[in-house]
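# Structural description and commentary
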Amino acid sequence: MNGSKPGRIMSLWESLPCLNIRQAGYLGLLSLAFFIVCWMIGAFADEDWVIFENNVCHLGVSEVDFVRIMYPISCTLTGIGIAIFGYSVGRVCDRRLERIGYYLCLPLGVSLIAIGLIDIDTSLIIHMVFVFSMSISAGIAIGFSGIEDAKKGNWLSLTYLFVVLAIVAYLTIYHMEYQQFFALMAMFFWLTVKCCFFITKGRVY
């Protein structure tokens, strides 16, 4: 009986509904656009929030009620969207590492939800644990995708990852105030490129 448990778990996993590749691409783009729009609205509504001086997470403890309420909602809906996106793409991806990378969008999405619900005033330590969890999940996902592309002779994704990591490391040491903004934009750019490819081509590669 025990030997059949992994098989039953896999069967249950594969029986879950998922989006087709174009639908996943649209959902991914919509999720990112929604988060960025909410971020911009929050930044304009809260006059105390200053780019490169405050992190995105500071919107979660804003003195403006509307902004403070909108922040966890935007994180939650975006996290759910990215998780569904990753699961759906992973289901149709036959490259092992890349499939794992897209499945890592699930913990990435869950981490984003937790970041929104557990603000820095509630528990800075727990909040930062999920920030690092999201960052690591995103980094591994991009890395695995880049490795699989490199196997096929396309080194663009892997080169992009190394450049991003080098810049993040530099900003962390010398200009910490720019680090989070750059890291988020780098992650969003990679997801946007992938989503646009899925929508236009209707396939994973």
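Structure: see above.
Nothing here was measured: the structure is a model prediction, and the numbers come from that model.

### Describing the overall build of the protein
For the protein, the helix and strand inventory stands at eight helices and zero strands. Written out in order from the N terminus, the α and β elements of the protein read α-α-α-α-α-α-α-α. Relative to the compact-globule value of 17 Å for 205 residues, the protein shows a C-alpha radius of gyration of 18 Å, a close match. Along the first, second and third principal axes, the C-alpha atoms of the protein reach 55 × 40 × 35 Å.

### Let's talk about the pattern of salt bridges
Applying the stated criterion across every chain yields a total of six salt bridges. Between Arg68 and Asp65 there is a salt bridge, and its shortest N-O distance comes to 2.5 Å. Of this pair, Arg68 and Asp65 both sit in helix α3 (residues 65-92), three residues apart, which is roughly one turn of the helix. For Asp65, a relative accessible area of 47% gives the class partly exposed. Its salt-bridge partner being Lys194, residue Glu98 comes within 3.7 Å of it at the nearest N-O pair.

### What to know about a nonpolar patch on the surface
Residues Phe34, Ile69, Ile73, Leu77, Ile80 and Ile84 make up a contiguous nonpolar surface patch of about 510 Å² in total accessible area. The dominant element in the nonpolar patch, judged by the number of residues it contributes, is α3, at five residues. Its place among the elements puts Leu77 in helix α3. Using a relative accessible area of 47% as the deciding quantity, one classes Leu77 as partly exposed.

### Comments concerning the nonpolar core
Within the largest apolar cluster, 37 residues are counted, with the highest numbers of intra-cluster contacts made by Phe85 and Val89. Only α2 (21-45), α3, α5 (105-117), α6 (124-151) and α8 (176-201) provide two or more residues apiece to this core. Residues within four places of Val89 in sequence aside, it is in contact with Ile21, Ala24, Tyr102, Phe198 and Val204.

### Examining the side chain of Ser137
Looking at the secondary structure, you find Ser137 in helix α6. Here the side chain of Ser137 touches Ser133 through a polar contact of 2.9 Å, landing on its backbone oxygen. Residues within four places of Ser137 in sequence aside, it is in contact with Leu104, Pro107 and Leu108.

What counts, and where the lines are drawn
- Numbers given to residues run from 1 along each chain, matching the order in which its sequence is written.
- Since the coordinates come from a predicted model, pLDDT governs what is reported: local features require at least 70, and pairs of side-chain atoms require 80 or more to be given and counted, while whole-chain, interface and lining totals use all residues.
- Excluded from the side-chain calculations are hydrogens and water; all other atoms, namely the structure's heavy atoms, are used.
- Here a helix means four or more residues in a row that DSSP labels H or I, a strand means two or more in a row labelled E, and each is numbered from the N terminus.
- Radius of gyration here is computed from C-alpha atoms only, and the compact-globule reference equals 2.2 Å multiplied by the residue count raised to the power 0.38.
- Each salt bridge in this description consists of a side-chain nitrogen of Lys or Arg and a carboxyl oxygen of Asp or Glu lying within 4 Å of one another.
- Relative accessibility under 20% of the residue-type maximum defines a buried residue, over 50% an exposed one, and the middle range a partly exposed one, all with a 1.4 Å probe and only protein chains included.
- Surface patches are defined over residues having more than 30% relative accessible area and no salt bridge, joining like charges when they lie within 9 Å and nonpolar side chains (Val, Leu, Ile, Met, Phe, Trp, Tyr) when within 5 Å.
- Note on areas: these come from Shrake-Rupley sampling with a 1.4 Å probe, and a residue is covered only by the protein chains present in the view.
- Take the buried Ala, Val, Leu, Ile, Met, Phe, Trp, Tyr and Cys residues and link them wherever side-chain atoms come within 4.5 Å; each set so joined is a nonpolar core.
- Pairs of residues are marked as contacts when any of their non-hydrogen atoms sit within 4.5 Å.
- Here a polar contact is taken to be a pair of N or O atoms separated by no more than 3.5 Å, where protein atoms must pair a possible hydrogen donor with a possible acceptor and residues adjacent in sequence count only if both atoms sit in side chains.

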